[in-house]
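# Structural overview
One-letter residues, chain by chain:
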Amino acid sequence: MQNGSNGEREKATGAVTLSLDPGRVIEDYAAARAQGPVVAVSFADTDAGGDESAANLEDFLTREHLFVSHYDEVLSALVDGRFSSDRRSALTPEQRDKLPPVIEELRLLSESLLSKDPPDHTRLRKLIQPSFSLRAMEVMRPRIQKLTDELLDAAERAAEARGERAPDRRMDLIEAFAYPMPVTVISDMLGIPLADRAQVKQWTENLLRADRRRTGGMDAETLAKLRQFTSYLRDLFVLKRQTPTEDMITDLLRADEAGDKLCEDEVLSTVFLLYLAGHVTTVNLIGNGAFALFQHPTELGKLKADPTLAKGVVEETLRYWGPVDFVTARIAKENVHLGGACIPKGEPVMVGLAAANRDPARFSNPDAFDITRQGAERHVAFGKGIHLCVGAPLARVEGQIAFDTLFRRFPAMRLAVPPEEVRWAKSFLRGLRALPVLF
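Residues numbered from 1 in each chain as written. Predicted model: local features only at pLDDT ≥ 70, side-chain atom pairs only at ≥ 80, totals over all residues. Heavy atoms only, no water.

## A few points about helix α10 (residues 197-204)
- When we look at burial in α10, the residues that qualify are Arg197, Val200, Trp203 and Thr204. For α10, the buried positions fall inside an angular range of 115° around the axis, keeping them on one side.
- The elements touched by buried residues of α10 are α9 (180-190), α11 (220-242) and α13 (264-295). (Buried < 20%, exposed > 50% of the residue type's maximum accessible area, 1.4 Å probe, protein only. Helix = DSSP H or I, 4+ residues; strand = E, 2+ residues; numbered from the N terminus. Arc of directions from axis to C-beta. Contact = heavy atoms within 4.5 Å.)

Put into structure tokens, the structure is as follows:
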């Protein structure tokens, strides 16, 4: 049935329908919260196409799922050791043997740190964590600032070459800045050679921007690029072993935790995660935050008057339009009581990060964008518990430098099109297709 607004849509079964349109789904999260802390949801707009993988995805989306919608229960689900990140955790050995094989191109992605439980998760994270410590990030600040200025210098030169003058020069903020800055930083950290980076970009730039309707099955071209990237990394590992350098790939290849070395597939899946997730969070953080500021001129004025509020812009953007809307599945390893619901052993739950970040029980006036909000940093955009995003300190530093520098250098920067013409990417990650600006 329907009761008048997109944000209040419900199916006759009582399940809340979540839109696949990022521009509409915030209202749907409000409808889910109104139903309770743990609610049944399904997804709308599921025309995925005609192939088998698309049909499987449509079947998944139209089924009902348990969805955690309130802040307190989301926090509990993220830190509760009774929930597993491994989809196979509640299966018997016989059931695991009957699982269909994962195609090779996706196997390494499916076996990353994100889907591991202790002790494997503990071992892998312990090897990665030092590279993203607060101290390590502060050391990197000058390099990130230099890169930021170089990219903005290049945008000025490109505009000048087109005969454009301030304050009416044009730039796609995503393409010219929000994408290349974090990609370059994570490539430096991993040790991907400069000469290879243009090719790596071609292989990887669309992997995390798949259409929401096609997440269940990558197209042949994307899979081919993934195979090429995998082959490239294996060859790069050979070179790093022969000629070690000061970078994270070299460190992972020679890592020895209590006598237990990482196998090559573990290194490969970790590099995949660090490279792909290590930049897309910041791309979306910068793009989403700039878009929010353009639509809230009072908040933009506060930032221009006090550049130290760049930290507040980062935290409020993560709360208001975080890069990840929800965690797709945490599996109950035993019967779990959460928010008045009993979640049976083996049942997957979706954990609503964006829904929690707009919960009025935790954040007053949650639909307002307020860069001076007290407690904004208590958002759950990066998750919590053992799966707290390992790259969160890096994303925060990159975001702070980006917002400070953009509006200090270009205080007249503004949208080049009406806000309603800016489009969200059709992805399970919240980011913009493009952000055309005048500066």
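## A look at the pattern of salt bridges
- Under the counting rule described, the total for this entry stands at 27 salt bridges.
- For Asp80, the salt bridge is made with Arg82, and the minimal N-O distance between the two is 2.7 Å.
- Judged by its relative accessible area of 29%, Arg82 is partly exposed.
- Across the pair Asp251 and Arg254 runs a salt bridge, and its minimum N-O distance is 3.2 Å.
- For Asp251, a relative accessible area of 35% translates into the label partly exposed.
- One salt-bridge network, held together by shared partners, links Asp149, Asp153, Glu156, Arg169 and Arg409. (Salt bridge = Lys/Arg side-chain N within 4 Å of Asp/Glu carboxyl O.)

## Notes on the packing of aromatic side chains
- Applying the stated criterion to the full structure yields 15 aromatic pairs.
- Ring geometry for Trp203 versus Tyr232: centroids 5.6 Å apart, planes at 50°, classification tilted. Of the two residues, Trp203 sits in helix α10 while Tyr232 sits in helix α11, which places them 29 residues apart along the sequence.
- For Trp203, a relative accessible area of 13% puts it in the buried group.
- Chaining the aromatic ring pairs together yields one cluster made of Trp203, Phe229, Tyr232, Phe272 and Tyr275.
- In this structure, Arg319 packs its charged tip against the face of Phe363, placed 5.5 Å from the ring centre. (Phe/Tyr/Trp six-rings, centres within 6.5 Å; stacked < 30°, edge-to-face > 60°. Lys NZ or Arg CZ within 6 Å of the ring centre and 35° of its normal.)

## As for the sheet that holds strand β5 (residues 170-172)
- With respect to topology, three strands assemble into an open sheet ordered β5-β13-β12, the strand pairing being antiparallel. Two strands close off the open sheet at either side, each with one partner strand: β5 and β12 (414-415).
- Direction of pairing for β5 relative to strand β13 (residues 436-438): antiparallel, over a ladder of three bridges. Directly across from Asp172, in β13, lies its bridge partner Pro436. (Pairing = 2+ DSSP bridges.)

## Considerations on the confidence of the model for the protein chain
- Taken over all residues, the pLDDT of the protein chain has a mean of 87, while the share at 70 or more is 84%.
- Predicted confidence is poor over residues 1-13, with pLDDT under 50, and the contacts of this stretch with residues over four places away or in other chains come to 27 contacts.
- In this model, residues 46-56 is a region of pLDDT below 50 whose contacts with residues beyond four sequence positions or in other chains number 15 contacts. (pLDDT = per-residue confidence, 0-100.)

## Looking at the side chain of Ser19
- Position of Ser19 among the secondary structure elements: in the loop between β1 (16-18) and α1 (25-35).
- At 2.9 Å, the side chain of Ser19 forms a polar contact with the backbone nitrogen of Asp21. (Polar contact = N/O pair within 3.5 Å; in protein donor to acceptor, adjacent residues only side chain to side chain.)

## What to know about the sheet that holds strand β3 (residues 65-68)
- An order of β1-β2-β3-β11-β8-β4 is seen for the six strands of this open sheet, with the pairing classed as mixed. What marks the edges here is a single partner per strand, and that holds for β1 and β4 (83-84).
- In the sheet, strand β8 (residues 326-332) pairs with strand β11 (residues 348-352) via four bridges, with the strands oriented antiparallel. Note that in β11 the partner of Ile331 across the bridge is Pro348.
- Its contacts with the sheet place α1 against β1, β2 (38-43), β3 and β8, and it is angled at close to 160° to β1.
- Its contacts with the sheet place helix α3 (residues 71-79) against β3, β4, β8 and β11, and it is angled at close to 125° to β11. (Axes fitted to C-alpha atoms, helices over the stretch in contact; angles between N-to-C directions.)

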